[in-house]
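Structural features, examined
Read off the chains here:
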Amino acid sequence: MEYDLEIVALRKKYGGFTAVDDVSLRVGKGQFVCLLGPSGCGKTTTLRCVAGLEEPDEGDILIGGRNVTQDPPWERDIAMMFQDFALFPHMTVEKQVGFGLEMRKWPALKRDKRVAEVLKAFEIDRFANRKPGSLSGGQRQRVALARAMITEPRLLLLDEPIGALDYSLRETVMIELKTLQRRTGISFIWVTHDQNEAFSLGDLVVVMNHAKIEQQGTPEEILQRPRTPFVAGFVQGNNVFHGKVEDVRGAEARIGTASGSFVVPVLDLKPQPGQAASFSVRAERLRPAPPEGWPNRLATSCRTVEYFGSVRRYILERPDGEVMKLDQFGAEPAFLMAEGAAEIGWPTEAGVLHG
Amino acid sequence: MSTIRPRSLPAYLLALPAGLWMFGAVVMPALLILWVSLWGGTAFGPGNPITLANYERFFANASYRGLIANTFLHTLMLMAITGVLGYGIAYFLVMKVRSRAWRTALFLAFIIPFWTSALIRAIAWVPFLGVNGVINQALMGLGITERPIEIFLYSRTGISMAQVSLYTLMASGPVVYMLAQIPPSLREAAMTLKAPPGVVFRRVIFPLTLPGVVIGQVLVFLSVMADFATVQWIGGNKIALLPNLILNFYEGAQLRAAAVVSVVLMACMLVGTFIAMRVVDIRKLGT
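How each quantity is defined
- Residues numbered from 1 in each chain as written.
- Chains lettered and ligands numbered in written order.
- Predicted model: local features only at pLDDT ≥ 70, side-chain atom pairs only at ≥ 80, totals over all residues.
- Heavy atoms only, no water.
- Helix = DSSP H or I, 4+ residues; strand = E, 2+ residues; numbered from the N terminus.
- Buried < 20%, exposed > 50% of the residue type's maximum accessible area, 1.4 Å probe, protein only.
- Areas by Shrake-Rupley, 256 points an atom, 1.4 Å probe, with all protein chains shown as cover.
- Lys, Arg positive; Asp, Glu negative; His and termini not counted.
- Charge placed at Lys NZ, Arg CZ, Asp CG, Glu CD.
- Expected span 1.5 Å × (residues − 1).
- Bend = angle between axes of the 7 residues up to and from the residue.
- Polar contact = N/O pair within 3.5 Å; in protein donor to acceptor, adjacent residues only side chain to side chain.
- Contact = heavy atoms within 4.5 Å.
- Buried area = accessible area lost by both parts, 1.4 Å probe.
- Salt bridge = Lys/Arg side-chain N within 4 Å of Asp/Glu carboxyl O.
- UniProt positions renumbered as here; feature names shortened; annotations may be inferred.
- Phe/Tyr/Trp six-rings, centres within 6.5 Å; stacked < 30°, edge-to-face > 60°.
- Lys NZ or Arg CZ within 6 Å of the ring centre and 35° of its normal.

Counting its regular elements, chain B contains 13 helices and zero strands. Going from N to C terminus, chain B has its helices and strands arranged as α-α-α-α-α-α-α-α-α-α-α-α-α. Burial statistics for chain B: of 287 residues in total, 42% are counted as buried. Surface summary for chain B: the accessible area is close to 16,500 Å², and the carbon and sulfur share equals 71%. Of the side chains in chain B, 20 bear a positive and 7 a negative charge, and the two mean positions are spaced by 14 Å.

All names here are of chain B. With 26 residues, helix H8 (residues 156–181) should cover 38 Å at 1.5 Å per step; its first-to-last C-alpha distance of 37 Å lies within 8% of that length. Of all the bends found along H8, the most pronounced is centred on Tyr-167 and spans about 40°. A distance of 3.3 Å separates the backbone nitrogen of Thr-157 from a side-chain oxygen at the start of H8, and that oxygen is part of Ser-155.

Before going further, it helps to spend a moment on the interface of chain B and chain A. Counting residues at the interface gives 18 residues for chain B and 23 residues for chain A. Of the roughly 1,900 Å² buried between chain B and chain A on both sides combined, carbon and sulfur atoms contribute 70%. On the chain B side of the contact with chain A, Leu-193, Lys-194 and Arg-203 of chain B bury the most area, a combined 40% of that side's loss. Close ionic contact of Glu-188 of chain B with Arg-48 of chain A constitutes a salt bridge, the shortest N to O distance being 2.8 Å. Summed over the shared surface of chain B and chain A, the result is six residue pairs in polar contact (both at pLDDT 80 or more). Breaking the side of chain B that touches chain A down by element, the ones donating at least two residues are helix H9 (184–192) and helix H10 (197–226) of chain B. No other element matches the seven residues that H9 of chain B contributes to the side of chain B that touches chain A.

Turning next to the UniProt feature "domain: ABC transmembrane type-1" (unreviewed entry) in chain B. UniProt tags residues 68–276 of chain B as "domain: ABC transmembrane type-1" (unreviewed entry). In this annotation, residues 68–276 of chain B is assigned 78% helix and 0% strand; the end-to-end C-alpha distance for the span is 19 Å.

Residue and element names in this part refer to chain A. Counted under the stated rule, the structure contains 27 salt bridges over all chains. One salt bridge connects Arg-66 with Asp-71, and the closest N-O pair in it is separated by 3.4 Å. In this structure, Arg-318 and Asp-320 form a salt bridge, with 3.2 Å as the shortest nitrogen-oxygen distance. Of the residues examined, Asp-320 reaches a relative accessible area of 32% and is grouped as partly exposed. Each of Glu-2, Asp-4, Lys-29 and Arg-154 takes part in one network of salt bridges that share partners.

As enumerated under the stated definition, the model contains 20 aromatic pairs over all chains in all. Between Phe-32 of chain A and Phe-188 of chain A the ring centres are 5.3 Å apart and the planes differ by 45°, which places this aromatic pair in the tilted class. Here Phe-32 of chain A, found in strand E3 (residues 32–36), pairs with Phe-188 of chain A, found in strand E8 (residues 187–192); they are 156 residues apart in sequence, far enough to count as distant. The pair Phe-32 of chain A / Phe-188 of chain A is uniform in exposure class, with both members buried. Aromatic pair Trp-125 of chain B and Phe-128 of chain B: ring centres 5.6 Å apart, planes at 45°, arrangement tilted. An aromatic cluster is present here, built from Phe-241, Phe-262, Phe-279 and Trp-346 of chain A joined pairwise through their rings. Looking at Lys-110 of chain A, its charged tip hangs above the ring of Trp-106 of chain A, at a distance of 4.5 Å from the centre. Note that Arg-147 of chain A overlies the ring of Phe-88 of chain A, its terminal NZ or CZ placed 4.7 Å from the centroid.

Shown next as structure tokens:
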């Protein structure tokens, strides 16, 4: 199996601060990979190491099977899109987009032809002779993308590429980028702190925290089966419980927490009584007035209700003071009132044990 | 955002004090000098006839024409040296010194000497360059030369050495400013587009600092063209450039001739500045 990118045990320190710690990652041919995490989690540093803009302290980076760890950026088969787009203010759009081909010593005629094609394809041919200063955010984004894509690199590295765009533009641009990635077969490594971007775009999502990879997998794997309390808490809509394993009976374990004890499926794990454990329940699996048969129930008080159209979200307070969320279909009539006591519960199979 | 609209009465009133000052301190004297340079006759007063004879006499003298060429050549050489040195210093300070504290310290070390007057700094070079000066003592102490080198003081070499130290900051400062404006991501973007460092400099960094380079060059040009003090102190009476000629005529009470040289010098400076402005639009600086 050939990989577009392999990162092996990457480590990068700045003085006493470890920015990337033992990160390993494999990106197959033509994959869309999203590095997701809060700011300062090491995702951008990882990306910059792949680009060659940072020198790793340990570990290897292989692009297309070739070890490039010691190679400078200009010798790597990559292109990069920067958060601020990093357009050259003194070059026209035409010159700018052709820069990569010029550096590869394409003959001028061939280059001009290719630049014209690409400008047309990205619908920026109208601005060919303008400089970036006179373009809108969306137009700049297209120029930056065209400039990076024209050389057809093996890997395109994108550092929060749509973070600088207006909210209304983002969705359109996301769909376009995904289509472009599929069509060209270039692997995209997309760094973002926005989980909507990561889960809707990524074939593979890599969740990072404190310089380490917490979990990697398809969006479905991560959303349905968060492996760590961090991932569960970072992904929207999860309620996380921390506690101790009290008892294991067959396929079910009882976890004691500050808010009471709850039964969760053990899944493929082997929890031992006395062990620290955490689990999560998605907000849409919680129900008010749980039926008699549900072993997991909890007395809460409802603080506020947020209405998003498709979803009605209740912010509940647990007995231990922590906040929980319960989601209801937006089209249904509200089943809880703000500032009222509410007993809620969930079926055993809704709990996801971490590990 | 200012609430004063351009071309409104308050805008003109705000410009008035500075405008009056400039008129009284710059425009009027310049016009007076121009007028004096056109005086015929021998009397000192406003009743003289207007004539170009003073100019004809000045330009008929080959050694004066040579002096103009010499002044230009000397200035161009200074511009080249301070330009290269200044750019190097600016590049080092902004791009190579990573630590903030070090950058501030080095920058201060660089500019603190400029808190003293240019005249004092020019005079301060004399004990450095003299036959028994610091440089010669050091060279002999290190065994590089046996006898003191005499070309330092009272020579073009000495004048140039002093002027390089006096004016490099002027060439460097605007470049520091322009370099600091360039986001690091521009260099990185160029590198990921396969440009090796030399090409990144030539195609991205240098063009973006060009306005700073030109402004620095204009400052050096104007300063060196007008610098009579350094030439006088370090050149002794052996060397003279155009501004020293003004002083000579003035001290010899040849007011008409002094005015003529002043006007010629001003014209040279205007032409140089005009050419520089054709290369780069200073008003676009910082946009």
